[in-house]
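# A closer look at the structure
Residue-level listing of the chains:
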Amino acid sequence: MIETIQTVPYTDQKMGTAGLRRKTQTAMQPHYLENFIQSIFNTIPNLAEKSFLIGGDGRYFNKTAIQKIIKIAAGNHVKKLYIGQNGLVSTPAGSHIILKNKLDGGFILTASHNPGGQKEDFGIKYATKTGGQCQPSESQAIYEQTLAIGEYKISDHPDIDLSHIGRTQCEETQIEIIDPITDYLNLMQQIFDFPKLKSLLTSNFRFVFDGMNGVTGPYAKKLFEEILGAPAGTVIRATPLEDFGGVHPDPNLTYAKSLVDLMYGNDAPDFAAANDGDGDRNMILGQNFFVCPSDSLAILTDNYKLIPAYRNGIFGVAKSAATSMAVKRVADALNIGYYEVPTGWKYFIHLMDSNRITICGEESFGTGASHIREKDGIWATLFWLSIIAETRKSVKEIALEHWKKYGRSYYLRNDFENLPQDVADKLMTDLQNKLPSLIGQTFGSFTVSDAYPFVYNDPVDNSSTQNGLIIHFRDGSRIVYRLSGTGTNGATLRSYIERYVTMDLLENPEDMLKDLCRISRQISEITLRTGKERPDIVT
Ligand code: VG1
Ligand code: CO
């Protein structure tokens with residue numbers, strides 16, 4: 001039976017950089033999730049003809065949330081739901097499932113790299129038929145629904161068994177429980193040279209893949225160990241856990257410390273990669289070597305010819321404004337299109353759909369391409385393995401060669417977390433207002449050559465988005481400031497710092513960027529305004 005439940009709006013359901021992300025306790029409040037899902041359905045016409053994907057990264061509350069979404073979909077007479085077996089679907093695989101089956105959208109239940117559990121975070125990435133997350137105009141329309149909602153429709157059907165592949169029904173809504181892994185791995189096989197990868201992984205090459213107890217473990221085990229023949233145990237932390245085993249599933253130098261220690265220790269393997277909770281982020285490590293994500297994007301782009309799917313050429317490349325300029329130098333050298341977008345993968349979608357770009361990436365450990373409409377941690381890992389298989393060089397040699405050819409953008413991101421929202425907002429407003437007065441000013445040995453708010457004009461729908469403030473220095477250095485749109489504890493100020501050099505290629509980024517980090521704090525008055533003398537997290 002379908003029931004109509006009276007409700008009142010929650011006013012905090014505006015989506016951020018990547019969907020709705022909240023404390024689990026917030027999402028578990030009565031009617032909270034129901035209101036949000038009904039608000040999405042309220043923006044979609046003809047639901048009786050529409051099909052959606054449901055899945056997630058396995059975190060706490062996902063199983064309950066999936067059952068609720070099924071019953072609200074049935075209450076709204078949705079035609080069909082595809083659901084990952086046991087409720088699991090990685091963000092990249094979800095994008096592929098939506099595109100391959102021509103679905104109208106999907107709900108990926110994840111707070112991505114944020115920790116999971118009752119006291120941690122829950123989230124929903126809502127994708128449209130593009131295979132990627134909804135555009136700002138769509139999330140605005142949904143937000144308006146969340147403010148106006150007075151009722152939702154829900155079936156009282158018993159819970160659906162998600163553990164077996166097959167078909168069933170909830171009210172009139174057809175349900176298909178699908179294998180979330182196989183189609184995605186087939187897609188990878190169409191892009192990369194699997195026999196070549198297999199010969200690398202079955203040689204004495206030593207590789208570790210860290211699933212960080214997130215959703216990619218089962219994908220990686222099947223791919224690397226079963227299909228490509230890497231030794232059993234290659235994939236570590238391979239079982240999705242509701243609380244990620246207490247791990248913060250964020251593949252960076254801080255939160256993937258055990259993997260980093262392994263790669264910097266005696267007897268380090270040749271290569272390691274880690275993925276985040278929902279499998280869209282990646283960190284790449286070699287023996288005693290960390291690949292900065294902005295460099296990774298540049299290096300992958302420069303080597304596209306080594307990959308079968310790209311051998312005949314690629315369209316352009318794009319990066320978020322905060323990402324270092326390394327990939328721009330490659331795009332210029334290769335004479336391919338180059339675009340800069342605001343932070344958030346959704347801004348790449350129109351560029352991919354209109355064949356302007358093939359490869360894109362963000363400094364936040366995100367790299368991907370137009371095979372799907374999300375960033376893709378396994379794809380990035382396979383791309384790096386392919387470069388190694390073709391060149392038989394170490395990660396460090398590959399990076400050093402790249403820097404010798406193009407110069408190096410030393411790069412760091414400083415995050416100041418848990419700031420009072422009003423303090424952070426005022427800091428950004430005041431900083432924006434003083435940008436014109438900074439031009440021409442000298443700080444230590446750095447003189448500001450330009451300073452402006454970053455504004456992106458989408459070439460496809462002509463929409464305009466402002467995100468972040470950029471300061472350029474005469475020597476090519478840059479500082480970018482922006483507020484995070486994914487946090488759940490107060491506001492987070494991110495400052496992105498880069499310095500371009502053509503000598504001193506193997507220095508420590510902390511040393512090379514010491515002055516600029518200090519200047520970034522000075523310009524933003526962060527210490528004065530927040531009392532913080534140094535960032536909480538440096539990546
Ligand atoms: C962060 C990153 C951004 C990324 C987003 C989602 O957003 O900076 O580059 O696209 O997370 O990543 P913000 O607004 O907090 O800076 V994921 O792996 O959570 O989908
Ligand atoms: Co993620």
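Each remark here, short or long, concerns the structure printed above.
Everything quoted here is computed from the prediction, not taken from an experiment.

### A look at the overall build of the protein
Each helix and strand counted, the protein has 18 helices and 25 strands in total. On C-alpha atoms alone, the protein measures out to a radius of gyration of 23 Å, which is about the 24 Å that the 2.2 N^0.38 rule sets for 539 residues. Across its three principal directions, the C-alpha atoms of the protein cover 70 × 55 × 40 Å. Relative to its full complement of 539 residues, the protein shows a buried share of 59%. Considering only contacts within the protein whose residues lie at least 6 apart along the sequence, 72% involve residues at least 24 apart. Surface accessibility of the protein: about 20300 Å² in total, with carbon and sulfur atoms responsible for 48%.

### Looking at the site of ligand 1
Neighbouring ligand 1 are 21 residues, the closest being T17, K125, G485, T486 and R494. In the shell around ligand 1, the residues fall into one nonpolar, nine polar and 11 charged.

### Section: the sheet that holds strand β3 (residues 51-56)
In any sheet, the strands associate via hydrogen bonds between backbone groups, in a parallel or an antiparallel arrangement. The seven strands lie next to each other as β2-β6-β5-β3-β4-β9-β8, forming an open sheet whose pairing is mixed. Only two strands of the sheet have a single neighbouring strand rather than two, namely β2 (20-23) and β8 (166-170). Each strand axis lies, on average, 20° off the axis of its neighbour in the sheet, ignoring direction. As paired strands, β8 and strand β9 (residues 173-178) are joined by five bridges and run antiparallel to one another. Directly across from R167, in β9, lies its bridge partner E176. Here helix α3 (residues 62-75) sits on the sheet in contact with β3, β4 (80-88), β5 (105-109), β6 (121-128), β8 and β9, set at roughly 170° to β4.

### Digging into the sheet that holds strand β20 (residues 442-443)
If you walk across this open sheet you meet the seven strands as β20-β21-β22-β23-β24-β19-β25, and the pairing is antiparallel. Taken across any chain shown, the strands that pair with only one partner, and hence form the sheet edges, are β20 and β25 (537-538). With two bridges connecting them, β20 and strand β21 (residues 446-457) associate as antiparallel partners. Paired with T442 across the strands is T447, a residue of β21.

### Topic: helix α6 (residues 182-191)
Quick reminder: α-helices carry 3.6 residues per turn. Residues three or four places apart thus point the same way. Taken together, the buried positions of α6 are occupied by Y184, L185, L187, M188 and I191. Relative to the axis of α6, the buried residues are bounded by an arc of 150° and lie together on one face. The inward-facing, buried residues of α6 abut α4 (91-100), α7 (194-201), α8 (216-227) and α13 (377-391).

### Let's talk about the packing of aromatic side chains
Within the structure shown, the criterion is met by 19 aromatic pairs. With centroids separated by 6.1 Å and ring planes inclined at 25°, the aromatic side chains of Y310 and F383 adopt a geometry described as stacked. Placement of the pair is Y310 in the loop between α10 (293-302) and β15 (316-320) and F383 in helix α13, with a sequence separation of 73 residues. Here a set of aromatic residues connected by ring pairs shows up, and it is made of F205, F207, F209, F224 and F271. Across the ring face of Y338, the terminal group of K328 is positioned such that the distance to the ring centre comes to 5.5 Å. Its guanidinium or amino end placed over the ring of W403, R408 lies 3.9 Å from that ring's centre, counting from NZ or CZ.

### What about the coordination of the cobalt ion (ligand 2)?
Coordination of the cobalt ion (ligand 2) by the protein is provided by S112 (OG), D276 (OD), D278 (OD) and D280 (OD), with metal-donor distances spanning 1.8 to 2.1 Å. Donor residues binding the cobalt ion (ligand 2) come from one chain and are separated in sequence as S-x163-D-x1-D-x1-D. In this pair, S112 sits in the loop between β5 and β6 while D280 sits in the loop between β12 (271-275) and β13 (282-286), placing the two residues 168 residues apart along the sequence. With respect to burial, S112 and D280 carry one shared label: buried.

### Points about the pattern of salt bridges
Here the structure, examined in full by the defined rule, presents 35 salt bridges. Across the pair K328 and D332 runs a salt bridge whose closest N-O atoms are separated by 2.9 Å. With K328 and D332 both in helix α11 (residues 326-334) and four residues apart, this pair spans about one turn of that helix. Assessed through its relative accessible area of 46%, D332 is described here as partly exposed. The partner of R478 in a salt bridge is E498, with the nearest N and O atoms 2.9 Å apart. With R478 in strand β23 (residues 478-483) and E498 in strand β24 (residues 491-501), this residue pair connects regions lying 20 residues apart in the sequence. Since its relative accessible area comes to 2%, R478 is described here as buried.

Calculation rules
Residues numbered from 1 in each chain as written. Chains lettered and ligands numbered in written order. Predicted model: local features only at pLDDT ≥ 70, side-chain atom pairs only at ≥ 80, totals over all residues. Heavy atoms only, no water. Helix = DSSP H or I, 4+ residues; strand = E, 2+ residues; numbered from the N terminus. Rg over C-alpha atoms; globule rule 2.2 N^0.38 Å. Buried < 20%, exposed > 50% of the residue type's maximum accessible area, 1.4 Å probe, protein only. Contact = heavy atoms within 4.5 Å. Areas by Shrake-Rupley, 256 points an atom, 1.4 Å probe, with all protein chains shown as cover. Near = heavy atom within 4 Å. Nonpolar A, V, L, I, M, F, W, Y, C, P; charged D, E, K, R; others polar. Pairing = 2+ DSSP bridges. Axes fitted to C-alpha atoms, helices over the stretch in contact; angles between N-to-C directions. Arc of directions from axis to C-beta. Phe/Tyr/Trp six-rings, centres within 6.5 Å; stacked < 30°, edge-to-face > 60°. Lys NZ or Arg CZ within 6 Å of the ring centre and 35° of its normal. Donors = N, O, S within 2.8 Å, 3.2 Å for Na, K, Ca; no water. Salt bridge = Lys/Arg side-chain N within 4 Å of Asp/Glu carboxyl O.

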